[in-house]
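This is what each chain is made of:
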Amino acid sequence: MKQHCSFCVAIAVAGIFLFGACNKADEIIVTDSSPVITFDAEDHVYQVKVGRELLLEPVVTNNENAAYRWLLDGVTVGREATYRFSSDESGEYYLTFEVTNPASTASEEVRIDVLDELPPHITLAVPEDGLSLLVGTARTFRPVVANSDDSSFRWTVDGSTVADTKEYTFLSESIGEFAVEFRAANEDGQECIRFTIKVLDAGDMPFSWEWEKDLFIATVGRTVVLEPVSVTNVFDPVYSWYMGEVLLQQDTDPAYSFTPDAAGIYILTVELDSQYAAMSKKITVEVFDNEDENLRAVTAGSSADAVKVWEFLPAPGQFVNEYKRADGSYIEITTPEQACAYALDEMNNRRYVSLGAFGGYIVVGFDHSVVNDGGYNIQILGNAFDGSSEPGIVWVMQDENGDGLPNDTWYELKGSEYDSPEMIYNYAVTYYRPSAPGMDVAWTDNLGNEGTVDYLKAYHPQNYYYPGWVQSGSYTLRGTRLQDKTYDRSGNGSYWVNGNFDWGYADNYGSDRLADDGNAEAGVSRNHFRIGDAVDRNGNPVHLKYIDFVKVQTAVQAKAGWLGENSTEVTGFRDYNMLKATP
């Protein structure tokens with residue numbers, strides 16, 4: 001996630017001007033000899049109780065023959081490498097640490113929140129309706145606890161204490177329902193989370209399969225992959241696909257690739273059989289053969305820019321719920337319709353729309369069809385610069401059924417990493433609503449991993465990073481995941497790099513920018529895409545004469561220290577064919 005600032009910084013060192021980019025929290029490009037200051041609070045915000053002492057021990061590199069100075073509200077209060085802060089009054093205090101060596105001077109500001117109380121707050125990824133575990137299966141819980149330094153912990157199962165540590169592994173060899181509680185407490189208060197664990201044998205485990213839709217749209221000669229988006233607690237399944245009485249496929253793989261050779265409506269049935277579960281479902285595939293008739297030609301009144309946002313659902317992130325009008329006042333967004341209107345207005349004014357962490361997405365449409373002429377056809381605006389790429393996967397859709405809605409088949413545009421063994425297809429992340437303001441957002445994925453989208457109070461202090469128009473306590477985003485290229489170049493957390501990808505991704509410093517500049521000031525950057533790179537779910541090329549809708553989705557799940565989560569940002573979608581045609 002790029003930390004956007006309201007101004008650019010330029011400093012002169014030995015006659016050379018060094019420019020700070022207008023994002024990444026005023027990250028300044030420094031010479032090797034300049035001091036580099038790193039605080040252990042990644043967002044540069046500390047909390048301490050009234051009357052308590054806070055020891056600040058920043059790490060300084062290039063500090064040979066250096067002089068130090070601490071300033072509190074502009075007044076010098078110390079000249080050592082460390083500083084002990086305390087206050088008898090609550091409030092916000094701004095402390096600047098300044099380091100001067102023979103080459104230059106560097107400074108960093110931190111904010112210290114002095115509070116009357118610092119009770120613990122718990123972040124734990126647990127579904128609202130509890131968990132179901134197979135008997136004999138262990139589950140380790142790793143809650144994140146704010147203000148945990150002076151806290152005690154207690155785990156209880158059915159009222160009996162089972163652990164006094166922050167982490168706890170639950171394991172039961174007996175079938176039953178267990179009431180679990182985790183409590184964190186200190187002198188200022190306590191917080192607890194309660195949930196239920198049902199321990200079941202394999203035959204009683206709740207099994208289900210989830211489908212994105214019941215009606216699929218296809219075009220004659222194109223392959224549409226029919227498969228559930230998730231299958232839960234099904235052991236050794238076999239999937240049988242039928243059309244009428246004819247068996248089309250029987251496999252342990254739930255996906256069936258259907259390639260119709262004639263227009264019409266096809267009814268298929270898929271049956272799941274396993275040791276303990278049996279389910280069936282009817283799937284309708286409506287097939288069209290009118291690609292030429294549905295093309296909407298460019299007219300004199302056509303806009304090169306996308307004219308409608310059909311969907312906007314970001315993953316949690318530091319810009320989520322931080323929505324402002326041009327005059328700086330905040331907008332409260334509580335419905336999907338309001339979210340789409342906001343995103344369109346931002347892009348119309350060439351302001352960025354953040355898609356949050358992995359899976360966050362936006363769907364746009366044009367007032368005409370964008371034609372595949374064999375070259376670059378789509379231009380997507382972002383704000384990447386060299387060393388700051390937050391890639392988004394690009395998907396395209398043709399209005400195959402001609403109803404003007406993005407309810408047809410999505411095709412991924414193949415990028416440079418598509419065939420990499422590190423790519424993860426059908427990746428899914430579930431995000432959980434925080435229990436209180438100012439907390440991290442917990443997530444789990446379909447590979448058994450868990451983590452958080454960190455709350456960065458210093459830069460984005462809105463109460464929640466969880467979208468305000470999502471009413472449920474959790475939501476799941478699915479897509480293709482790239483292996484991130486994020487790393488700490490400094491080795492001390494002060495200089496993070498989000499590495500570049502060769503081509504084929506939005507908000508990425510790649511060759512498809514068609515520009516030679518480094519975009520060091522993080523202005524609008526432009527990536528270009530070919531409709532001819534479209535592939536189906538099996539990775540096979542798909543020839544589309546044109547497309548009508550575009551989707552971009554954050555493709556990585558990564559954090560860059562004090563910069564926060566990686567998230568794709570878009571500032572516009574354009575028909576590049578129209579731009580090429582303009583003299």
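Residues numbered from 1 in each chain as written. Predicted model: local features only at pLDDT ≥ 70, side-chain atom pairs only at ≥ 80, totals over all residues. Heavy atoms only, no water.

A. Spotlight on the overall build of the protein. Across its full length, the protein holds 3 helices and 46 strands. Relative to a compact globule of 583 residues, whose C-alpha radius of gyration would be 25 Å, the protein shows 27 Å and is just as compact. Based on the C-alpha atoms only, the size of the protein along its principal axes is roughly 85 × 75 × 40 Å. When each of the 583 residues of the protein is scored for burial, the buried share is 52%. Sequence separation of at least 24 residues holds for 69% of the intrachain contacts in the protein that already meet a minimum separation of 6. A distance of 2 Å separates the average location of the 41 positive side-chain charges in the protein from that of its 89 negative side-chain charges. (Helix = DSSP H or I, 4+ residues; strand = E, 2+ residues; numbered from the N terminus. Rg over C-alpha atoms; globule rule 2.2 N^0.38 Å. Buried < 20%, exposed > 50% of the residue type's maximum accessible area, 1.4 Å probe, protein only. Contact = heavy atoms within 4.5 Å. Lys, Arg positive; Asp, Glu negative; His and termini not counted. Charge placed at Lys NZ, Arg CZ, Asp CG, Glu CD.)

B. How the structure looks around the pairing of strand 38 (residues 450–453). One ladder, built from 4 bridges, connects strand 37 (residues 441–445) with strand 38; its direction is antiparallel. Looking at the pairing, Thr444 lines up with Glu450 of strand 38. (Pairing = 2+ DSSP bridges.)

C. Seen up close, the packing of aromatic side chains. Following the criterion strictly, the structure yields 32 aromatic pairs and no others. Taking the centre distance of 6.4 Å and the plane angle of 70 degrees together, the rings of Phe39 and Tyr46 count as edge-to-face. With relative accessibility at 10%, the residue Tyr46 sits in the buried group. With centroids separated by 4.9 Å and ring planes inclined at 75 degrees, the aromatic side chains of Phe358 and Tyr427 adopt a geometry described as edge-to-face. In this pair, Phe358 sits in the loop between strand 31 (353–354) and strand 32 (361–371) while Tyr427 sits in strand 36 (residues 424–432), placing the two residues 69 residues apart along the sequence. Put simply, the rings of Trp209, Trp211, Tyr239, Trp241, Tyr256, Phe258 and Tyr266 touch in pairs and so form one group of aromatic residues. Above the face of the Trp310 ring, Lys308 is positioned so that its terminal group lies 4.7 Å from the ring centre. (Phe/Tyr/Trp six-rings, centres within 6.5 Å; stacked < 30°, edge-to-face > 60°. Lys NZ or Arg CZ within 6 Å of the ring centre and 35° of its normal.)

D. Fine view of the sheet that holds strand 28 (residues 264–273). Strands sit in the order 22-29-28-25-26 across an open sheet of 5 strands; the sheet is mixed. Every other strand in the sheet has two partners, leaving strand 22 (215–219) and strand 26 (246–251) as the edge strands with one partner each. Between one strand axis and the next, the sheet turns through 25 degrees on average, direction left out of account. With 5 bridges connecting them, strand 22 and strand 29 (residues 278–288) associate as parallel partners. (Axes fitted to C-alpha atoms, helices over the stretch in contact; angles between N-to-C directions.)

E. How the structure looks around the sheet that holds strand 42 (residues 525–529). In spatial order, the strands read 42-33-46; together these 3 strands make up an open sheet with antiparallel pairing. Where the open sheet ends on each side, the last strands, each with one partner, are strand 42 and strand 46 (572–575). The sheet shows a mean angle of 25 degrees between the axes of neighbouring strands, taken without regard to direction. Pairing analysis gives 4 bridges linking strand 33 (residues 378–382) to strand 46, with the strands arranged antiparallel. Bridge pairing links Gln379 to Arg574 in strand 46.

F. The pattern of salt bridges, seen in detail. By the definition in use, this model includes 26 salt bridges. The partner of Asp345 in a salt bridge is Arg351, with the nearest N and O atoms 3.4 Å apart. Taking the shortest distance from any N to any O, the salt bridge between Arg351 and Glu346 comes out at 3.1 Å. With a relative accessible area of 6%, Glu346 lands in the buried category. Sharing partners across several salt bridges, the network here consists of Lys49, Arg52, Asp150, Glu187 and Asp188. (Salt bridge = Lys/Arg side-chain N within 4 Å of Asp/Glu carboxyl O.)

G. Focus on the environment of Phe141. One can find Phe141 in strand 14 (residues 139–141). Residue classification places Phe141 among the buried positions, given a relative accessible area of 1%. Among all residues touching Phe141, those that are not within four sequence positions of it are Leu124, Leu131, Trp155, Lys166, Glu167, Tyr168, Phe170, Phe195 and Ile197.

H. The nonpolar core, seen in detail. Ranked by internal contacts, the top residues of the largest apolar core, which has 66 residues, are Phe312, Ile362, Ile380, Tyr431, Val550 and Phe573. If near-sequence neighbours (up to four positions away) are discounted, Phe312 is found in contact with Tyr323, Ala339, Cys340, Tyr342, Ala343, Val353, Ser354, Leu355, Tyr361, Ile362 and Trp469. (Core = buried A, V, L, I, M, F, W, Y, C linked by side-chain atoms within 4.5 Å.)

I. Representation of unusual backbone geometry within the structure. For Asn62, which is not glycine, the phi dihedral falls at a positive 60 degrees. Relative to the elements of secondary structure, Asn62 occurs in the loop between strand 6 (59–61) and strand 7 (67–72). Of note, Asn321 is a non-glycine position whose phi angle comes to about 70 degrees, a positive value. You can see Asn321 is positioned in the loop between strand 30 (308–313) and helix 2 (336–348).

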